[in-house]
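# Secondary and tertiary structure notes
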Amino acid sequence: MREYVQARWSEPLIMEYPDRGPAVYAAPLEEDLERLNRERPVPESLLRRDPPEIPRLTETELIRHYTRLSQMSYGVDQGPVPLGSCTMKYNPRVALELAFDDRVTGLHPHMPVEEVQGLLQMLYELQEWLAHITGMDGCILHPAAGAHGELAGTLTIRRYHGLLGRAGVKDEIIVPDSAHGTNPASAAMAGFRVVEIPTAEDGNVDMGALKAAVGERTAGLMITNPSTLGLFEEHILEIADLIHGVGGLLYYDGANLNGIMGYARPGDMGFDIAHLNVHKTFSAPHGGGGPGAGPVCAKAVPVGDTGLTLLDLLPGPRVVYDEDEGLYTIRWPGRHSVGLIRAYPFNTIPLIWAYIYILSMGPQGLRLATEAAVAKTNYFLSLMKGSKGYSLPYGKGRPRKHEAVLSAEPLRRETGVKADDVAKGLLDRGFYAPTIYFPLIVDEALMIEFTETETIENIEAYAEALKEIEEISKRNPQEPKKWPLKTSVGRIDQVYANHPRTMAPTWRVYLKRRQTG
Ligand SMILES: *Cc1c(COP(=O)(O)O)cnc(C)c1O
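Treat the numbers as computed from the prediction; the structure is a model and nothing was measured.

If you walk through the whole model with that rule in mind, you get 22 salt bridges. The residue Asp 77 makes a salt bridge to Arg 93 at a minimum N-O spacing of 2.7 Å. Of the two residues, Asp 77 sits in the loop between α2 (59-71) and α3 (93-99) while Arg 93 sits in helix α3, which places them 16 residues apart along the sequence. The class for Asp 77 is exposed, based on a relative accessible area of 60%. Overall, Arg 93 belongs to the partly exposed group, its relative accessible area being 45%. A salt bridge links Glu 479 to Lys 482; the shortest N-O distance between them is 3.7 Å. Each of Asp 171, Glu 172, Arg 193 and Arg 217 takes part in one network of salt bridges that share partners.

Given below as structure tokens:
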């Protein structure tokens, strides 16, 4: 295994650097800016009065500053990031280059459709492909994140029942307790009461509890399949019948479709609405790599005898193709739709990224990505088999899909070393930590997802690291409490770091606080 030591610089904030004066500016840039401003002047009302308090530095200083910061950080370009569920999947560089092409980034959302036909064609085809991949009848690309897609979906469910005249009755959304936290939050934001259903020992939804909860008030059910435990819900067809039987709708959280993509489709399982995270499954970066996009797909479920379908209720614009004119245009949401849930139509760059990814993979490639992701999860679990310190709760003997949740509870009971300490030990061994303490139904949870592109060697090294941490914990339980030792920042006081009085969201706030003490 490679020895890991992270760089440690005492690097000031960029604002704390001394100002080098106007002379250090790269001259052509200044001229460019002046020329741009002459040609396309910024409206007077938008010009800021006081200049930003940023020191003027030389190019070399600036590059060194950010290079040092990057050396004190850890990312997918350095090593594995098996952060379950929210994992950085493959971010192909070819997509980076194409998605940031001037012909994409130079466009403005207010340009006439005739001038952006190429872009609209890509978005139109993406809508079609995503509908195909999910087994739905149509998609919108409007929401800016997964959770935003969920809000779009739950508002659509609300509108559906409202148009059917049963808004007052249908006020509950059922969510399993293994769900991503955004699910109950989105349902509550859309005005529903959230009914939580426990997970059975076999990893499926507890059907007894579900049957008891489903009733006249059930507006719908939100579920991730495979669940956050990485387990495929074996009763999904029965669940769909139950919910549809009381007039409810089925919502699919498809943030991590890479567990089944190309093999199974939510539309075929009985789902009516689904969102996807292009910044997880479809290779757009996230977590500081830029904004995401959460397309929402739906079936053309008729809304009573209104002549409308669910597709008419989805928020945001849709790209349509006018065959007579041979023109791609934008159809704005109609009066029965949820409307707009953000100012502009689409977060174009991550969507183009997803388009390039799907185009370059093709249907077979998408299947292959799923196969590789699932095989790697299960290979990892085979390496952990027989472990005393880490158990695999729920679904005993069942294979996992894209991710697996280990529990460090046996280790904690024996040694007092917790999931948090294990995570710090992994940092010291050159790995990004797994998602910890989620899902909430697993004690001392370590939620691990390698993704389709991680190497076998790294997966083996990761399993070895977990075992080494277990051994050290048994020999000397105090040792792990000191970790991490090899990272640029040691163990932080998490409560202090998250306290609103500690956090300074901007430089100005920081300065003000420093003045007032
Ligand atoms: C990441 C994730 C979400 C939320 O997506 P965001 O883009 O972060 O808002 C929802 N559900 C699941 C299962 C996820 O993994």
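Let us now look at the packing of aromatic side chains. Going through the model one piece at a time under the given rule, you end up with twelve aromatic pairs. Between Tyr 124 and Tyr 321, the ring centres sit 6.3 Å apart and the planes meet at 50 degrees, which makes this aromatic pair tilted. Note that Tyr 124 is positioned in helix α5 (residues 117-134) and Tyr 321 in strand β8 (residues 318-322), a separation of 197 residues in sequence. We classify Tyr 124 as partly exposed; its relative accessible area is 21%. These aromatic residues form a ring-pair network of at least three members: Phe 380, Phe 431, Phe 450 and Tyr 462. When the ring centre of Phe 192 is taken as reference, the NZ or CZ atom of Arg 158 above it lies at 6.0 Å.

Assignment of secondary structure puts Gly 316 in the loop between α10 (310-313) and β8. Note on Gly 316: relative accessible area 5%, which makes it buried. As for Gly 316 and Ala 419, which are separated by 103 residues in sequence, their C-alpha atoms are 42 Å apart. Each residue touching Gly 316, except ones within four places of it in the same chain, is listed here: Ile 140, His 142, Pro 333, Gly 339 and Leu 340.

With that settled, consider the pairing of strand β10 (residues 404-407). The two faces of β10 match: Ala 404 and Leu 406 on one face and Val 405 and Ser 407 on the other face are all buried. In the sheet, β10 pairs with strand β12 (residues 445-448) via four bridges, with the strands oriented antiparallel. Across the sheet, residue Leu 406 finds its bridge partner in β12, namely Leu 446.

Our next topic: a negative patch on the surface. A contiguous patch of negative charge on the surface is contributed by Glu 114, Glu 115, Asp 322, Glu 323, Asp 324 and Glu 325. Assignment of secondary structure puts Glu 114 in the loop between α4 (102-105) and α5. What makes Glu 114 exposed here is its relative accessible area of 52%.

Cut-offs and rules
- Residues numbered from 1 in each chain as written.
- Predicted model: local features only at pLDDT ≥ 70, side-chain atom pairs only at ≥ 80, totals over all residues.
- Heavy atoms only, no water.
- Salt bridge = Lys/Arg side-chain N within 4 Å of Asp/Glu carboxyl O.
- Helix = DSSP H or I, 4+ residues; strand = E, 2+ residues; numbered from the N terminus.
- Buried < 20%, exposed > 50% of the residue type's maximum accessible area, 1.4 Å probe, protein only.
- Phe/Tyr/Trp six-rings, centres within 6.5 Å; stacked < 30°, edge-to-face > 60°.
- Lys NZ or Arg CZ within 6 Å of the ring centre and 35° of its normal.
- Contact = heavy atoms within 4.5 Å.
- Pairing = 2+ DSSP bridges.
- Patch = residues over 30% accessible without salt bridge, like charges linked within 9 Å, V, L, I, M, F, W, Y side chains within 5 Å.
- Areas by Shrake-Rupley, 256 points an atom, 1.4 Å probe, with all protein chains shown as cover.
- Lys, Arg positive; Asp, Glu negative; His and termini not counted.
- Charge placed at Lys NZ, Arg CZ, Asp CG, Glu CD.

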